[in-house]
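# Results of the structural survey
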Amino acid sequence: YPGANDYYSRWSGVRSFWVDGLDPYGDDASLAIQVGIYGRPSAPDEDPGYFAYPLYTVFLMAPLGFLDYAWAEAVWLALLMALLIGALFLLLDAYSWRPGPILLGGLVLWSLFFYPAARGILLGQPGLAVYFLEVAALWALVKGRDGLAGIALALSTIKPQMGFLIVPFLLLWALWT
């Protein structure tokens, strides 16, 4: 396995689109994903690893699609860690909480090594980027930056199942206010 398999299928779909000129949802791109992960086409009892994200994902992740996978994975995992720490700082700012240096260091470590976050990093989960975008949207609303909140919320829909509650709630709230 190349590692960060949750990211690999996204990277391979993006690469297929930009470098190979293929439809990221097509059979050729899907086969490339499976060969990259398993070294062969997936068996019926294995995850086929389809590129199952909205098409605009290929534009958001385009810069990494031009890198070899080892480099793209390293950049992606570092980015996920930075986004987790960034989400922590946005939440601290939204709540106007200024912990001391020791507690802040503990919170940063907790943000990275808490099991769901650490597993998400190891798998290269795009859901961690979505988490950051949803936190950024809430932070922007708290700070009165509605345009930024809208952009962050719209970008967070690259993984729509994560926003199935927050997106409709914020849209209804926006209509109400």
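Overview of the structure. (Residues numbered from 1 in each chain as written. Predicted model: local features only at pLDDT ≥ 70, side-chain atom pairs only at ≥ 80, totals over all residues. Heavy atoms only, no water.)

### A few points about the layout of surface pockets
- Estimates place the volume of the largest pocket at around 250 Å³.
- Lining the largest pocket are Leu-60, Met-61, Pro-63, Leu-64, Trp-76, Leu-79, Leu-83, Ala-129, Phe-132, Leu-133, Leu-155 and Ile-158.
- Taken together, the elements giving at least two residues each to the lining of the largest pocket come down to helix H4 (62-65), helix H5 (69-94) and helix H8 (127-142).
- Its residues assigned to classes, the lining of the largest pocket comprises 12 nonpolar, no polar and no charged. (1 Å grid on protein atoms, 1.4 Å probe; cavity = no way out; pocket = protein on both sides within 12 Å on 5 of 7 lines; lining within 4 Å. Points joined across faces, edges and corners; volume = space filled by probe spheres on them. Helix = DSSP H or I, 4+ residues; strand = E, 2+ residues; numbered from the N terminus. Nonpolar A, V, L, I, M, F, W, Y, C, P; charged D, E, K, R; others polar.)

### Here we look at the pattern of salt bridges
- On inspection of all chains with the given rule, the structure shows 3 salt bridges.
- One salt bridge connects Glu-46 with Arg-40, and the closest N-O pair in it is separated by 2.8 Å.
- The residue Arg-98 makes a salt bridge to Asp-93 at a minimum N-O spacing of 3.5 Å.
- Overlapping salt bridges bring together Asp-93, Arg-98 and Lys-143 as one network. (Salt bridge = Lys/Arg side-chain N within 4 Å of Asp/Glu carboxyl O.)

### Some remarks on the nonpolar core
- Membership of the largest hydrophobic core comes to 26 residues, with the highest contact counts inside it found for Tyr-7 and Trp-76.
- Put simply, the parts of the chain that give this core at least two residues each are helix H1 (5-18), helix H2 (27-38), H5, helix H7 (115-123) and H8.
- At 7 residues, the largest contribution of residues to this core is made by H5.
- When sequence neighbours within four positions are dropped, the list of residues in contact with Tyr-7 reads Met-61, Leu-64, Tyr-69, Ala-72, Glu-73, Trp-76, Leu-123 and Gly-124.
- Core analysis: the next-biggest nonpolar cluster, separate from the first, contains 14 residues, Ala-136, Trp-139, Ala-152 and Leu-170 among them. (Core = buried A, V, L, I, M, F, W, Y, C linked by side-chain atoms within 4.5 Å. Buried < 20%, exposed > 50% of the residue type's maximum accessible area, 1.4 Å probe, protein only. Contact = heavy atoms within 4.5 Å.)

Function cannot be inferred from these measures alone, as they are strictly geometric.
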